[in-house]
Amino acid sequence: MKILVTGGAGFIGSNFILYWIKNHPEDEIINFDALTYAGNLENLKSIEDNPNYKFVKGNIAQSNEVGPVMSGVDIVVHFAAESHVDRSILEPSSFILTNIVGTQVLLDAALKNNVKRFHHISTDEVFGELDLNDTNKFNERTNYNPRSPYSATKAGSDHLVRAYHFTYGLPITITNCSNNYGPYQFPEKFIPLAITNVIEGKKIPVYGDGLYIRDWLYVEDHVRAIEKVLERGKVGKTYLIGGMTELYPNIEIAKKIVRLLGKDESFIEFVKDRLGHDRRYDVDWSKTKEELGWEPQHNFDDWLKKTVEWYKENESWWKKVKSGEYKKYYKTQYEDGSR
Ligand code: NAD
Ligand code: DAU
């Protein structure tokens with residue numbers, strides 16, 4: 001089987017490739033990635049010489065770059081995206097180009113090459129926000145209500161993927177998953193930013209009142225869910241993926257991280273809130289469990305601890321990442337008074 005992975009040099013894409021090569025060594029993987037600030041081939045160093053793995057640098061929004069890599073492909077697993085909400089608030093245009101136009105270019109190429117499955121990775125953020133004070137969860141029937149430029153572009157891409165199925169018969173599946181954490185996550189996202197800041201002796205910036213809730217999913221649980229959807233998912237269907245049921249507000253997570261690193265709460269500071277900040281996400285993944293036999297296996301407390309250990313043991317990975325463009329971004333986002 002020949003699998004084209006887009007965005008395979010990013011956080012979830014690289015975890016997916018490492019898992020797939022280990023568990024399906026007979027398959028051929030092409031990693032197609034533009035290597036934006038978020039793409040890092042170091043994540044894949046351990047498999048770079050594997051004869052069944054090939055990296056191709058290219059932009060999903062450029063049909064002349066996508067066309068040649070789609071030839072002979074059986075399955076597309078589409079991770080490539082601009083993925084950080086704060087950056088989408090600072091500068092939405094690259095999100096529209098990559099997440100919407102890029103997805104459409106890939107869909108056209110997939111159709112032309114008769115791929116057997118186009119699997120699109122999406123997010124629970126397309127459903128908008130939940131109240132803090134009720135117990136509703138997102139499910140397969142929840143209406144789309146995206147509220148940030150990032151989630152609006154992901155919603156647009158989901159609609160396009162479904163449209164290519166209904167209009168042209170492209171065999172698609174979609175997963176909408178919650179917040180991932182784990183190794184190789186770019187330290188602009190809350191958990192790796194918090195861990196690496198404390199290791200560097202800096203504070204954790206907690207937006208607003210800190211009482212925002214995410215449904216945390218360990219990245220390997222997400223990768224296993226994608227595997228199940230590729231193996232057993234029904235063409236045309238959407239599957240929701242979420243973590244175990246511990247719903248900690250951000251401030252609690254910040255406190256857990258400082259404790260795990262042997263520091264006190266003076267390492268936490270409240271900063272100006274994110275614009276349009278969604279209050280709560282919570283995913284009902286029971287249908288995915290019923291249909292595919294998947295459920296998350298990694299609880300938050302144990303795997304946050306292991307994630308903290310990973311960042312402690314891999315300082316050289318994130319120290320390189322936290323330089324150059326990152327420093328400019330951090331200054332704009334947290335220090336220039338723009339927040
Ligand atoms: P990431 O930002 O870590 O990685 C994105 C990758 O895509 C990078 O390697 C980057 O170089 C590549 N890329 C960006 N623009 C490209 C382009 N135009 N052409 C080719 N490659 C390009 O993202 P991630 O956190 O690994 O997220 C992967 C996917 O999962 C995204 O589609 C995201 O929307 C979705 N998702 C992420 C989460 C999460 O918690 N991280 C949760 C739900 C859904
Ligand atoms: O829900 C899935 C989504 O999760 C994915 O689709 C996105 O690609 C991914 O980036 C993530 O989006 P969030 O905005 O939820 O993740 P982030 O790590 O940016 O923020 C998590 C929470 O922490 C959120 O409530 C905002 C808050 N936060 C974030 C940062 C970066 C802070 O309080 N301080 C910070 O410095």
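Reference entry: report on the structure contained in this document. A quick note: this is a predicted structure, and the numbers were derived from the prediction, not measured.

Scoring rules and cut-offs
Residues numbered from 1 in each chain as written. Chains lettered and ligands numbered in written order. Predicted model: local features only at pLDDT ≥ 70, side-chain atom pairs only at ≥ 80, totals over all residues. Heavy atoms only, no water. Helix = DSSP H or I, 4+ residues; strand = E, 2+ residues; numbered from the N terminus. Rg over C-alpha atoms; globule rule 2.2 N^0.38 Å. Buried < 20%, exposed > 50% of the residue type's maximum accessible area, 1.4 Å probe, protein only. Contact = heavy atoms within 4.5 Å. Areas by Shrake-Rupley, 256 points an atom, 1.4 Å probe, with all protein chains shown as cover. Lys, Arg positive; Asp, Glu negative; His and termini not counted. Charge placed at Lys NZ, Arg CZ, Asp CG, Glu CD. 1 Å grid on protein atoms, 1.4 Å probe; cavity = no way out; pocket = protein on both sides within 12 Å on 5 of 7 lines; lining within 4 Å. Points joined across faces, edges and corners; volume = space filled by probe spheres on them. Nonpolar A, V, L, I, M, F, W, Y, C, P; charged D, E, K, R; others polar. Pairing = 2+ DSSP bridges. Axes fitted to C-alpha atoms, helices over the stretch in contact; angles between N-to-C directions. Near = heavy atom within 4 Å. Polar contact = N/O pair within 3.5 Å; in protein donor to acceptor, adjacent residues only side chain to side chain.

## Here we look at the overall build of the protein chain
Move 1: Of regular secondary structure, the protein chain possesses twelve helices and eleven strands.
Move 2: Against the globule reference of 20 Å for 339 residues, the protein chain gives a C-alpha radius of gyration of 19 Å, in line with a compact fold.
Move 3: Seen through its C-alpha atoms, the protein chain measures out along the principal axes to roughly 55 × 45 × 35 Å.
Move 4: The buried share of the protein chain, reckoned over its 339 residues, is 56%.
Move 5: For the protein chain, restricting intrachain contacts to residue pairs at least 6 apart in sequence, the fraction spanning at least 24 positions comes to 83%.
Move 6: Approximately 14200 Å² of the protein chain is accessible, and the part contributed by carbon and sulfur atoms is 49%.
Move 7: A gap of 1 Å separates the mean positions of the 43 positive and 48 negative side-chain charges of the protein chain.

## Digging into the layout of surface pockets
Move 1: Within this model, the second largest pocket holds a volume of roughly 230 Å³.
Move 2: Forming the walls of the second largest pocket are Asn-15, Leu-18, Tyr-19, Lys-22, Pro-183, Tyr-184, Tyr-218, Val-219, Glu-220, Val-223 and Trp-310.
Move 3: For the lining of the second largest pocket, the leading source of residues is helix 1 (residues 11-23), giving four residues.
Move 4: By residue class, the composition of the lining of the second largest pocket is eight nonpolar, one polar and two charged.

## Observations concerning the sheet that holds strand 3 (residues 53-57)
Move 1: Within the open sheet, the seven strands sit side by side as 3-2-1-4-5-6-10. Their pairing is parallel. The sheet is open, and its two borders are formed by strand 3 and strand 10 (238-241), each paired with just one other strand. In this sheet, adjacent strand axes meet at a mean angle of 20 degrees when their direction is disregarded.
Move 2: Direction of pairing for strand 6 (residues 172-177) relative to strand 10: parallel, over a ladder of four bridges. From the neighbouring strand, Asn-176 faces strand 10, where its bridge partner is Leu-240.
Move 3: Across the sheet, helix 1 touches strand 1 (2-6), strand 2 (28-33), strand 3 and strand 4 (75-78), and the angle it forms with strand 2 is around 170 degrees.
Move 4: On top of the sheet, helix 7 (residues 219-232) reaches strand 4, strand 5 (117-123), strand 6 and strand 10; it is set at about 145 degrees to strand 5, its chief contact.

## Details of the site of ligand 2
Move 1: Near ligand 2 lie 24 residues; those nearest to it are Asp-124, Tyr-150, Asn-179, Arg-274 and Tyr-334.
Move 2: Between ligand 2 and Phe-190, the relevant distance is 2.8 Å, taken from an oxygen atom to a main-chain nitrogen or oxygen of the residue.
Move 3: His-277 has a polar side-chain atom sitting 2.7 Å from an oxygen atom of ligand 2.
Move 4: Protein contacts shield 95% of the accessible area of ligand 2, which totals 690 Å² for the unbound molecule.
Move 5: For the shell around ligand 2, the elements supplying multiple residues, two or more each, are helix 3 (85-90), helix 6 (190-199) and strand 8 (204-207).
Move 6: If you tally residues by element for the shell around ligand 2, the top one is strand 8, at three residues.
Move 7: Partitioning the shell around ligand 2 into residue classes produces ten nonpolar, seven polar and seven charged.

## Some thoughts on unusual backbone geometry
Move 1: Unlike most non-glycine residues, Leu-35 shows phi in positive territory, near 55 degrees.
Move 2: Assessed through its relative accessible area of 28%, Leu-35 is described here as partly exposed.
Move 3: In this structure, Tyr-184 is a non-glycine residue whose phi angle is positive, near 70 degrees.

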